[in-house]
Amino acid sequence: MAILRPAGEFDTSYASDMATIRRPWQWCLLLVFLLALFTLPFYASQGLVALVNRIGITIIAVQGLSLLTGFTGQISLGQAAFMTAGGYVSALLVNELGWPFLLALPAAAIAAGLVGLIFGLPSLRVKGFYLVMATLAAQFIIPWFTRNAFQDVLNGAQGLNVQVPVIFGVEFNTPQRYIFLTLTVLVLTTILAFNVTRSRLGRAFISIRDNDLAAELLGVNLFKYKLQAFFLASMYAGLAGSLAAHQLRHINSETFTLIDSIIFMGMLVIGGLGSNLGPIFGAIVVEFLIEAATLLGPFVAMIFPAKSAGVVQALRPLFFGTSLMLFLIFEPRGLAYRWQLFKAAWRLRPFSH
Amino acid sequence: MNPKDTQLSVRNVNLSFGGTQALVNLGFDVRQGEILAIIGPNGAGKTSLLNCLNRFYKVESGSIQFEGYDLTKIAPHRIAGLGIARTFQNIALYTGLSTLDNLMAARHIHMHSGLLQSLIYWGFAHREDISHRMVVEEIIDFLEMEHIRRSIVGSLPYGLRKRVELGRALAMEPRLLLLDEPMTGMNLEEKEDMARFILDLHERQKTTILLIEHDMGLVMDIADRVVVLDFGVKIAEGSPQEIREDQQVIKAYLGEAR
């Protein structure tokens with residue numbers, strides 16, 4: 001399938017040909033959408049705002065995974081562990097050293113990125129399934145470290161209480177306020193993800209994913225770029241982890257678990273690998289599915305009164321698992337690809353080719 | 001460098017897989033600006049030789065000198081930077097990318113934006129992308145690929161994919177171009193197109209070309225010199241005319257005359 005452009009619109013410079021947002025009306029749509037998102041606390045219920053907030057943080061983590069798995073082809077199950085690292089670093093910097101949140105957030109991202117570098121080292125030697133096992137190690141080592149090492153600072157299994165972020169005297173202590181923080185970071189990470197994937201770095205990532213032998217032959221230093229992908233992915237995880245920890249106001253080794261890493265991967269598959277829209281679609285759909293499971297729970301429980309508590313618990317993984325399976329069978333390229341097909345069909349209307 | 005100077009020299013190269021000797025004491029020179037064809041029956045070690053030049057295989061002994069560098073001692077990804085590009089026998093394109101992006105990806109060694117510039121994009125990386133886009137567009141023009149500029153290469157027909165792969169190698173602006181069977185599986189018209197492209201680019205840029213090909217007629221037409229391999233041993237080297245009359249070559253290809 002070719003990348004279709006609408007008929008009758010012509011570019012007169014390479015800059016406009018290469019632009020991501022190509023037309024004035026697209027800018028308008030985007031601005032209206034962002035405006036609607038940022039004014040959410042003024043018209044939506046607290047529950048919805050909290051949900052959007054959670055989805056926002058999840059999208060950031062999945063965007064990182066998308067750069068690593070979707071674009072560079074390095075499958076990782078360590079994303080939640082890097083969130084733990086980011087969350088802890090940011091909590092310690094604010095609690096112990098009294099850093100302002102605005103500094104602690106990027107510092108946490110960079111720290112998580114460095115941790116990710118260490119666990120990315122095996123990627124030079126191993127691929128695919130074996131790399132999954134290597135990144136799985138992060139998922140065990142990092143929580144173990146937070147439970148058992150430096151107990152006087154990290155407080156063992158109890159974890160840390162995390163302060164509410166304060167920026168220029170404003171306390172972000174409710175979802176209605178916190179959402180501004182989350183959305184601002186999310187907009188930034190989205191822009192950065194688009195920038196990476198359309199530049200030299202992104203092309204190097206994709207060449208490693210599509211054909212690593214040819215990539216090396218074309219002068220791509222595999223080791224360097226795989227590590228950069230791990231660094232970026234873990235930075236995103238660090239941002240998400242820091243945001244989540246400050247919102248929950250608490251972090252311990254159980255806050256972000258292997259299950260989260262697996263759900264991130266599921267979101268990425270459902271949303272679409274190798275697309276910047278994938279993480280956004282995937283995280284929204286899966287979070288809404290889980291929400292639907294919570295809402296449906298009581299009704300299903302009425303049908304099976306004897307096991308009511310278990311039924312509500314079981315519905316979420318059931319929804320997640322079923323949808324993931326259906327996507328793998330019917331649309332392995334995810335919702336982002338569907339969206340492209342939809343756009344193409346719209347542009348070709350009323351002719352189908 | 002003057003024409004007729006040796007650009008690549010292969011000396012006493014040995015390579016074996018388990019008990020099989022793939023290359024035996026192989027030695028030949030490639031001169032600046034010539035088209036050298038390497039021919040030989042299947043399994044003669046032609047592709048293995050290219051893989052040695054790219055460091056996919058590690059030679060057991062011998063040396064490969066390219067413009068003063070010993071290729072056997074250089075990291076595989078640095079070889080592209082020396083000015084060596086290659087196409088593959090079984091196409092090795094980035095199937096998920098468009099033709100344009102495949103060629104842009106090949107500009108990697110000529111571009112300089114790193115992690116930070118790529119993250120920020122506006123400014124340096126953007127300007128760099130545009131200036132390299134112009135180079136890529138010229139190659140797209142040259143290879144007559146304008147109509148497939150935005151097609152995902154995974155969906156292109158075989159002949160065009162081969163052409164995109166040639167384009168990707170050209171985008172690296174190589175001084176030595178290794179072509180591994182660029183015309184296999186093509187029909188006559190596609191073969192003639194490809195031969196025309198190879199001759200054109202040889203004429204325009206004086207690129208040295210090392211060509212592996214099975215189509216004898218074509219090799220005899222476009223090559224300046226020919227090296228013949230059989231079971232890893234060089235059995236003949238010379239102009240197409242000399243090769244055509246070489247008894248050993250005829251034996252290797254057709255068997256013993258009765």
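The model shown is predicted, which means the values in this text are computed figures rather than measured ones. (Residues numbered from 1 in each chain as written. Chains lettered and ligands numbered in written order. Predicted model: local features only at pLDDT ≥ 70, side-chain atom pairs only at ≥ 80, totals over all residues. Heavy atoms only, no water.)

## Description of unusual backbone geometry
All names here are of chain B. Heads up, the condition is: By definition, any uninterrupted DSSP run of H or I lasting at least four residues is a helix, any uninterrupted run of E lasting at least two residues is a strand, and each is numbered from the N terminus. Think of it in three bands: residues with accessible area under 20% of the maximum for their type are buried, residues over 50% are exposed, and the middle band is partly exposed, with areas taken using a 1.4 Å probe on protein chains only.
The backbone phi angle of N25 is positive, close to 45 degrees, even though this residue is not glycine. Position of N25 among the secondary structure elements: in strand 2 (residues 20-31). Among the residues examined, N25 registers a relative accessible area of 49% and is labelled partly exposed. Although it is not a glycine, E173 adopts a positive phi angle of roughly 45 degrees. Within the secondary structure, E173 is located in the loop between helix 6 (158-171) and strand 7 (176-180). Owing to a relative accessible area of 45%, E173 belongs among the partly exposed residues under this scheme.

## As for the domain arrangement of chain B
The extent of an interface is frequently quoted as the accessible surface area lost upon association of the parts. All names here are of chain B. Formally: Domain borders in the structure are assigned automatically or taken from a domain database. Note on contacts: a residue pair qualifies if any of its non-hydrogen atoms lie within 4.5 Å across the two residues. Buried area counts how much accessible surface, traced with a 1.4 Å probe, disappears from two parts once they are put together, with both parts' losses summed. A side-chain nitrogen of Lys or Arg and a carboxyl oxygen of Asp or Glu constitute a salt bridge if their distance falls within 4 Å. For this analysis, a polar contact is any N or O atom pair within 3.5 Å, provided that within protein one partner can donate a hydrogen and the other can accept it, and provided that sequence-adjacent residues contribute only side-chain to side-chain pairs.
Parsing chain B into structural domains produces domain 1 (1-83 + 174-258) and domain 2 (95-172). Inter-centroid distance (C-alpha atoms) of domain 1 to domain 2 is 27 Å. At the junction of the two partners, domain 1 supplies 19 residues and domain 2 supplies twelve residues. Each partner contributes to the roughly 1300 Å² buried at the junction of domain 1 and domain 2, and carbon and sulfur atoms together form 71% of this total. In this structure, the connection of domain 1 to domain 2 is made through two salt bridges. Measuring nitrogen to oxygen at the nearest pair gives 3.9 Å for the salt bridge that ties D193 to R163. Seen at the junction of domain 1 and domain 2, the total is three residue pairs in polar contact (both at pLDDT 80 or more). Counting only elements with at least two residues in the side of domain 1 that touches domain 2, the list comes to helix 2 (76-82), strand 7 and helix 7 (188-205). Ranked by the residues each element gives to the side of domain 1 that touches domain 2, the list is headed by helix 7, at eight residues.

## Things to note about a nonpolar patch on the surface
Put simply, the rule reads: Patch construction takes residues with relative accessible area above 30% that form no salt bridge. Like charges are linked within 9 Å, and nonpolar side chains (Val, Leu, Ile, Met, Phe, Trp, Tyr) are linked within 5 Å. Accessible surface is estimated by sampling points in the Shrake-Rupley manner with a 1.4 Å probe; for residues, cover comes only from the protein chains shown.
Where nonpolar side chains cluster on the molecular surface, the patch consists of L296, F299, M302, I303 and F304 of chain A and spans about 570 Å² of accessible area. Within the secondary structure layout, L296 of chain A lies in helix 14 (residues 278-303).

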